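For reference, the chains in residue letters:
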Amino acid sequence: MNVRLYVWQRATAALMVPLAAVHLAVIFYATRQGFSAAEILARTRGSVAWGTYYALFVAAVSIHAAIGVRNVLAEWSPLSERRAGRLAIAFGVLLAALGFRAVAAVVL
Amino acid sequence: MPELPAELAVSLWRGGAQGRYETYRVPRRDSQTVLDVVTYVQRHIDPTLSYRFACRVGMCGSCAMTVNGRPRWTCRTHVAKVAGSGTLEIGPLENLPVIKDLATDMAPFFEKWRQAKGAFAPSRTRTDPMPRIRPDSPARIAADAAIECINCGVCYAACDTVRWNADYLGPAALNRTWTLVNDERDAGNAARLQAVAAAGGCHACHSHQSCQEHCPLSLNPTASIAGLKRRTALAYLKGELKP
């Protein structure tokens, strides 16, 4: 890992600390209130705030996890750094696609 | 301390990378060190045994070996401390090519010191006045904490990241770099930070702290590497480094 990947991984980790905390708090709140899916969707549909919040979360997760997977592959598999990097980018793109799709489903 | 038997059963690695352990009987002595045991085998049992030592007092860093699974400086490791059952298994250091028996090739280890720009780069000539370095300045305190390394290779042999990543510079070289980064007389920090910020540099460290755990001088290379991570990240954010 070079300094650029290091800074991206640490910055996304720092960003995810408050994002994950709020995410967990929302989960507890929604389940304790006994909200139905329809009630949750009523709150998220058309919400710019929740859309921005979770889009940012998905972006941070995709970057952070991809860099981590790249390190694991480079150190523990016979793959070269370049191939590990390509596979990790593909993994990050997959995470981003799945995540943004989920965000779109509850916000749009 | 429990009484040890009159004789030790000592397994020594014989041969190159594809060698095997052979067992020898060595008499137990008072205040006996692991290096004494190895020396006894070579002088009294098998003169073809190859190993490396020089000062015998923990200054030169030549005699490190794997003793009962842990990398140690053998000249300062008492048998009483490590051979409670009366058996010793002594092999060459891990993570380095074996030349023969207990002697490893240290060239890759020192090559990485060179790659990490571990040589002092003077900022003045001999005609300039001596710079005044305050011993209580934060930079000098940081350098002093890491400066006593004897290049024994114990941390390098103990490091998981070195084992996994052949390009990783390793704790000793990066610890050396940290002392120079904090040396106010040095003029080579731009190239030095660039060298340790690349792939295989300080950011490859996982902070497992095996280097700190095993260092015979109780240095903390993990802390030095953490310092380099901070320093290089700051330099990168300021645009002073090209990854």
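Residues numbered from 1 in each chain as written. Chains lettered and ligands numbered in written order. Predicted model: local features only at pLDDT ≥ 70, side-chain atom pairs only at ≥ 80, totals over all residues.

## Some points on helix α7 (residues 171-181) of chain B
All names here are of chain B. By the criterion of burial, α7 is predominantly enclosed, with eleven of the eleven residues buried. Taken as a whole, α7 has its buried residues at Pro171, Ala172, Ala173, Leu174, Asn175, Arg176, Thr177, Trp178, Thr179, Leu180 and Val181. Contacts made by the buried residues of α7 are with α3 (107-115), α4 (138-146), α5 (154-158), α8 (189-197), α9 (210-214) and α10 (221-237). (Buried ≥ 20, exposed ≤ 12 C-beta atoms within 10 Å, placed from the backbone. Helix = DSSP H or I, 4+ residues; strand = E, 2+ residues; numbered from the N terminus. Contact = placed C-beta atoms within 7 Å.)

## Observations regarding the interface of chain A and chain B
Contact residues are listed per partner, giving nine residues for chain A and 14 residues for chain B. Looking at the side of chain A that touches chain B, the elements that each hand over two or more residues are α1 (3-32) and α3 (48-76) of chain A. At four residues, α1(A) tops the list of elements feeding residues into the side of chain A that touches chain B. Its residues assigned to classes, the side of chain A that touches chain B comprises five nonpolar, one polar and three charged. (Nonpolar A, V, L, I, M, F, W, Y, C, P; charged D, E, K, R; others polar.)

## Examining helix α1 (residues 34-45) of chain B
Residue and element names in this part refer to chain B. An ideal rise of 1.5 Å per residue puts 16 Å on twelve residues; α1 measures up with 16 Å between its terminal C-alpha atoms. Those residues of α1 that sit buried are Val34, Leu35, Val37, Val38 and Val41. Across the axial projection of α1, the buried residues extend over an arc of 165°, all falling on one side. Projecting away from the buried face of α1 at angles above 90 degrees are the exposed residues Arg43 and His44. Contact partners of the buried residues in α1: β1 (7-14), β2 (20-27), β3 (64-67), β4 (70-73), α2 (79-82) and β5 (87-91). (Expected span 1.5 Å × (residues − 1). Arc of directions from axis to C-beta.)

## Quick look at the packing of α1(A) against α3(A)
Residues and elements named next belong to chain A. At a closest axis distance of 9 Å, the pairing of α1 and α3 adopts a crossing angle of 135°. Taken together, the axes of α1 and α3 are oblique relative to one another. Taken as a pair, α1 and α3 cross one another with a handedness that is left-handed. In contact with Leu5, Trp8, Gln9, Thr12, Ala13, Leu15, Met16, Leu19 and His23 of α1, α3 contributes Leu56, Phe57, Ala60, Val61, Ile63, His64 and Ile67. Counted by class, the contact of α1 with α3 contains twelve nonpolar, four polar and no charged residues. (Axes fitted to C-alpha atoms, helices over the stretch in contact; angles between N-to-C directions. Parallel < 35°, antiparallel > 145°, perpendicular 65-115°, else oblique. Left-handed = near helix turned anticlockwise from the far one by under 90°.)

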